[in-house]
Amino acid sequence: MVSQSSAQEDGRISSVLILGGGSAGLLAALTVKCMLRDYRVTLVHSQEIGVIGVGEGTTAVFPAHLFDTLGISKERFYREAQPTWKQGIRFLWGERGDYFYDFGFQYDLQYPGMNKATGFYCDQECTDLNDVCAMMQEGKAFASGPLNKPLIKGEYAFHIENEKLVRCLTNIAIEQGVIIEEDTLQYAEQNDQGISALHFTSGRTRHADLYIDASGFRSELIGKALGVTRNSFSQALFCDRAVIGGWTREEEPLQAYTTAETMDAGWCWKIEHENFINRGYVYSSKFISDEDALAEFKKANPKVNGTRVVKYLSGRMERNWEKNVVAIGNSSGFVEPLEATALAQIIFASRWMVELLKQQQHRATDAGRERYNKEMGRAWDEIRDFLAFHYKFNTLRDTPFWKHCQEHTHLGDFQEFFEAYQKIGPAPELVHALPFKPNIYGIEGYLAHLIGMKVPFHARHEPTPEEKALWEKHRRKHRLVASAALTSEEALAAIRKPSWSWK
């Protein structure tokens, strides 16, 4: 028997064991170790259990957490993980057929001299609404600074190949003092406090004060061992499968955004890596067979090869902290990658767990668990409701699947928010209709899709000639910045020069 930590007599937590070695387990391990330096952190992973391993898109939460909170070197991360940049998402979606959603503000702002917020002027076009939106439209990544160097700042995210991300995080975790071991779980031993020991096929038995279940869809500890049930999101999200593939990049420009493209029975992602293009068709098996989905996927992407089908269920655990187990990653919940929420949710879960441990003097209390479960449950439910907006109002294709989405998608906690939007439109006071604050996406995220898809509202505004002229002036300024901006290829070349400095 190998004892990693004997339980503290006063109930204090000083050791954490993480089961699972994917991006969820590694980010959780790094977050605990970097923010709670005295903790003994052990991660146990199994080579026998594979990972989904597709290209990953992130949100702006990811670089902020890695570089600012964890203090990871930018130079090292760019060298080892080899990410490309993501300024937002291009949606081939809705009545317009095309709109951009970035990490800044497009609609929740009011230009000087304008009588209304930006959203009231977007009936015809919602382009060139800020510098980033204009750059995405022009196939650019960053504004140009002195000596024609990219200004890599502001709210941006990454596209990362999973294998490279895991390898990079593993190296950093080991250097930070995380103990990483390979073994396969055989069974979990329990007592009144939860998990008392984990037994592995190697014959080793491991103990800790707190266990993190990062075992993916298997939910080995919180689900199988402790019996926590999973809440389904099937009333809002109807897709349950994805066919995944890609191809080696050839002449295609390297875009600084993810593409989300409407398909007959779902949607297709496009993630931009430097030397590879990752594609995946998320669909509902109730509306299309695997064979027909593959055929549609290949017709839209004739270069794709090496396809495989992944089955999943959307939903989240009823409780994410049960006794002495915290679920993080797919063991906690899962939704399709329509807004690249997975890594952001892992970071949120890890940081919130650490903050609660600090507040509770490094003890797990009933009150602390209750707060954690409330916050994590609400976060998962908001993601569900946010994705529901994408489905409810997408009228680009008139197929049985999309008709079903328009008629049957529930907006959950955001139904009243939508009804308020119908009445007053994208007015600043709409923020008061949000069901809770703060929330993940703010009012901007919802407006980006409601206006992007031309969802109607009653409080129309007819701009004066003066407003129209001023509106065009602002848009021209953004186009001017975009015209001088640098592409992703140019920005990557710049950061790889010996003269480049991240300081």
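Criteria and thresholds
- Each chain has its residues counted from 1, following the order in which its sequence is written.
- pLDDT decides what is reported in this predicted model: residues at 70 or higher carry local features, side-chain atom pairs at 80 or more are listed and counted, and totals for whole chains, interfaces and linings draw on all residues regardless.
- Hydrogens are left out, water is left out, and the side-chain values use all remaining heavy atoms of the structure.
- When a carboxyl oxygen of Asp or Glu is within 4 Å of a side-chain nitrogen of Lys or Arg, the pair counts as a salt bridge.
- Secondary structure elements follow DSSP: runs of H or I no shorter than four residues count as helices, runs of E no shorter than two count as strands, and numbering proceeds from the N terminus.
- Here's how the labels work: a residue is buried when its accessible area is under 20% of the maximum for its type, exposed when over 50%, partly exposed in between, all with a 1.4 Å probe on protein chains only.
- Strand pairing is assigned whenever DSSP detects at least two bridges linking the two strands.
- Axis definition: a line fitted to C-alpha atoms, over the contacting stretch in the case of helices. Angles run 0 to 180 degrees between N-to-C directions.
- It only takes one pair of heavy atoms within 4.5 Å for two residues to be counted as in contact.
- Stacked, edge-to-face and tilted are the three classes for Phe, Tyr and Trp ring pairs, Trp counted by its six-membered ring, which pair at centre distances within 6.5 Å; planes under 30 degrees apart are stacked, over 60 edge-to-face, the rest tilted.

Provide a residue-level description of the pattern of salt bridges, including the pertinent values.
For the coordinates displayed, the defined rule picks out 33 salt bridges. As a salt-bridge pair, E252 and K303 come within 2.7 Å of each other at their nearest N and O atoms. Of the two residues, E252 sits in the loop between β14 (241-248) and β15 (258-263) while K303 sits in the loop between α7 (290-300) and β18 (305-311), which places them 51 residues apart along the sequence. Between R397 and D264 there is a salt bridge whose closest N-O contact spans 2.8 Å. Here D264 lies in the loop between β15 and β16 (266-272) and R397 lies in the loop between α9 (366-392) and α10 (400-408), a separation of 133 residues in the sequence. Look at R397 and you get partly exposed, because its relative accessible area is 26%. Salt bridges linked by common partners bring E125, D128, E472, R475 and R479 together as one network.

So, the sheet that holds β15: which residues are in play, and what are the values?
Strand order in the open sheet made by the seven strands is β6-β5-β15-β16-β17-β14-β18, with mixed pairing throughout. The two strands at the open ends of the sheet, each matched to only one other strand, are β6 (99-102) and β18. Adjacent strand axes in the sheet meet at a mean angle of 20° when their direction is disregarded. Pairing of strand β5 (residues 88-92) with β6, which is carried by four bridges, proceeds in the antiparallel orientation. When the sheet's bridge partners are listed, R90 is paired in β6 with F100. Together, β5 and β6 form the strand contacts of helix α12 (residues 442-452), whose direction differs from that of β6 by roughly 180°.

How would you explain the packing of aromatic side chains if you had to name every residue and give the values?
Counted by the stated rule, this structure contains 41 aromatic pairs. Here F67 and F77 contribute two aromatic rings whose centre-to-centre distance is 5.8 Å and whose plane-to-plane angle is 75°, an arrangement assigned as edge-to-face. Remark: F77 occurs in helix α3 (residues 74-81) and F67 occurs in helix α2 (residues 61-69); sequence separation between them is 10 residues. Each member of the pair F67 and F77 is classed as buried.

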